[in-house]
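Listed here are the chains, written in short residue letters.
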Amino acid sequence: MRKSYKFRIYPNKEQEVALEKTLDVCRYIYNEFLADRKNAYERCNRGLSTMEQLYQVRYLEFDTDVHSQVKQDVIRRLGNSFDAFFRRCMGGETPGYPRFKGKKRYNSFCYVQSGFKIDGKKLRLSKIGDIKIIQHREIEGKIKTCTIRRDGKQWYATFSVEIENNVMPVEPETFVGIDVGLKSLITLSDGTQLNPPKYYREAERRLKRENRALSHKKKFSNNWKKQVEKINVLYRKIRNQRNDFNHKLSREVVDNYDYIVFEDLNVKNMVKNHHLSKSIHDASWGNLIQITKYKAEEAGKFVELVNPYNTSQLCSNCGKKVKKSLAMRTHECTHCGLILDRDINAAINILNRAVGTTVGACGVEPLGLSMNQEATKSLA
Ligand SMILES: [Zn+2]
């Protein structure tokens, strides 16, 4: 099982230059090898494989001052984006061709297995030096990769760790379906509803305002740059708060349930939507599912993702379709007479889709998660 640890690092001026340079070299390699793939395809009608390119990157003509593993990882990344592209093509979609990366779009590089060493206060990076790190948690397990990421003006190191999991899977006895809503409302099939933390909505409003302010500034002017940094800081704040919230929520859910079912957001998001607040929520829920997954795995419990198709439209009692618009908050079945909050009905459908029956459906006492004062129990 994989687990990751993230720490902030504090490079000095010189090291920061070296980090920036490494990013530049990686981005250059990424774009060059992307161009190679494109040319090979357009001119010779043949594809280049990741293996071929891995071989080539070893013999770059210029001295890059970048650790060999880091360069190879760039090729692997490029390979992954092509794999994803082809997979989606096969699936009948029309995805965009992998794109060249601009300076602002390339923010991380990764050491795979070697080239780095951490000892509590210092992170030694090959070709870069000993960078100050604040390691606020002990790392357990064997470190597989070290990813260095630029986030605005800050830098972070993330270690991916392989840990042996000796926990025996439990025999599941308690089941729950979880519906995550557009308005960042979370509903459990037991009737528990959690409202989004207030800061979400506040941050969203602020983000909108700051983005509007940005659009009035002259591009690349000093004021514009300052505004960009301001927005980055805001994004980071939202991300951190969201992580915190998701960690607490997933802990409670995993402690209380053995079998946890979510909608598969990858399927749900095939319909593209570029709305700002929606993209924040999507990232947030993806993150929640990820965290819940690993906590469940640690405890020998289960997380399953199901097809989200029509979960809000079907009746969780009789299975018949009851059409409703987004504005209709109550599910009123004209076939069997069930009346239930719309989202609770959806959450039960999500659960049923995984377990196939109506275990733990309506009539169960809401859990009333203790972590959130804003929690409301609506199945009274
Ligand atoms: Zn019904």
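Below or above, wherever it landed, is the structure these notes cover. Just so you know, these numbers come straight off a predicted model, no measurement behind them.

## Details of a positive patch on the surface
Link 1 in the chain: Among the surface-exposed residues, Arg205, Lys208, Arg209 and Arg212 lie close enough to one another that they form a single positively charged patch.
Link 2 in the chain: The residue Arg212 is located in helix H4 (residues 198-215) in this model.

## Focus on the coordination of the zinc ion
By definition of the ideal shapes, four donors in a tetrahedron about a metal sit 109.5 degrees apart, and six donors in an octahedron sit 90 or 180 degrees apart.
Link 1 in the chain: Donor atoms from the polypeptide that bind the zinc ion are Cys315 (SG), Cys318 (SG), Cys333 (SG) and Cys336 (SG), placed at 2.2 to 2.3 Å.
Link 2 in the chain: Seen from the zinc ion, its four donor atoms lie at angles of 106 to 116°, and the figure they make is tetrahedral.
Link 3 in the chain: Taking relative accessible area as the criterion, Cys315 reaches 2% and is therefore assigned buried.

## Comments concerning unusual backbone geometry
Link 1 in the chain: With phi around 75°, Lys127 is a residue other than glycine that occupies positive phi space.
Link 2 in the chain: Inspection of the secondary structure assignment puts Lys127 in the loop between strand E4 (122-125) and strand E5 (129-133).
Link 3 in the chain: Even without being glycine, Phe220 reaches a positive phi, approximately 70°.

## Some details on the nonpolar core
Link 1 in the chain: Ranked by size, the top nonpolar core spans 37 residues in total, and within it Phe109, Tyr111, Leu123, Leu125, Ile148 and Phe159 carry the most contacts.
Link 2 in the chain: The leading source of residues in this core is helix H1 (residues 13-44), at eight residues.
Link 3 in the chain: Setting aside its immediate chain neighbours within four residues, Leu123 contacts Ile9, Lys117, Ile118, Gly129, Asp130, Ile131, Ile133, Cys146, Ile148, Ala157 and Phe159.
Link 4 in the chain: Counting 18 residues, the second-largest nonpolar core is a separate cluster that includes Val176, Leu188, Ile260 and Leu288.

## Re the pairing of strand E6 (residues 142-151)
Residues in a regular strand point their side chains to alternate faces of the sheet.
Link 1 in the chain: Most of E6 is tucked away: seven of the ten residues are buried.
Link 2 in the chain: Pairing between strand E2 (residues 108-112) and E6: five bridges, direction antiparallel. The residue of E6 that forms the bridge with Val112 is Thr145.
Link 3 in the chain: The antiparallel pairing of E6 with strand E7 (residues 154-162) creates a hairpin that spans two residues between the two strands, and Gly152 there sits at a positive phi of about 65°.

## Some remarks on the sheet that holds E6
Link 1 in the chain: Across the sheet, seven strands lie side by side as E2-E6-E7-E1-E5-E4-E3; this open sheet has antiparallel pairing. What marks the edges here is a single partner per strand, and that holds for E2 and strand E3 (116-118). Averaged over neighbouring strand pairs, the angle between their axes works out to 30° when direction is ignored.
Link 2 in the chain: Bridge analysis of E3 against E4 gives three bridges, and the strand direction is antiparallel. Residue pairing in the sheet places Ile118 in a bridge with Leu123 of E4.

## Let's talk about the packing of helix H2 (residues 50-57) against helix H3 (residues 68-90)
Link 1 in the chain: Two elements in contact, H2 and H3, have axes separated by 9 Å at closest approach and are oriented at 155°. In terms of their interaxial angle, H2 and H3 are classed as roughly antiparallel. Seen from above, H2 lies across H3 with right-handed handedness. Contact with H2, carried on its side by Thr50, Gln53, Leu54 and Val57, involves Lys71, Gln72, Ile75, Arg76, Leu78 and Gly79 of H3 and no other residues of that element.
Link 2 in the chain: Of the residues belonging to the contact of H2 with H3, the class tally is four nonpolar, four polar and two charged.

Parameters and conventions
Residues numbered from 1 in each chain as written. Predicted model: local features only at pLDDT ≥ 70, side-chain atom pairs only at ≥ 80, totals over all residues. Heavy atoms only, no water. Patch = residues over 30% accessible without salt bridge, like charges linked within 9 Å, V, L, I, M, F, W, Y side chains within 5 Å. Areas by Shrake-Rupley, 256 points an atom, 1.4 Å probe, with all protein chains shown as cover. Salt bridge = Lys/Arg side-chain N within 4 Å of Asp/Glu carboxyl O. Lys, Arg positive; Asp, Glu negative; His and termini not counted. Charge placed at Lys NZ, Arg CZ, Asp CG, Glu CD. Helix = DSSP H or I, 4+ residues; strand = E, 2+ residues; numbered from the N terminus. Donors = N, O, S within 2.8 Å, 3.2 Å for Na, K, Ca; no water. Tetrahedral: all angles 85-135°; square planar, octahedral: opposite > 155°, others 65-115°. Buried < 20%, exposed > 50% of the residue type's maximum accessible area, 1.4 Å probe, protein only. Core = buried A, V, L, I, M, F, W, Y, C linked by side-chain atoms within 4.5 Å. Contact = heavy atoms within 4.5 Å. Pairing = 2+ DSSP bridges. Axes fitted to C-alpha atoms, helices over the stretch in contact; angles between N-to-C directions. Parallel < 35°, antiparallel > 145°, perpendicular 65-115°, else oblique. Left-handed = near helix turned anticlockwise from the far one by under 90°. Nonpolar A, V, L, I, M, F, W, Y, C, P; charged D, E, K, R; others polar.

Everything listed here is a matter of geometry and, on its own, says nothing about what the molecule does.
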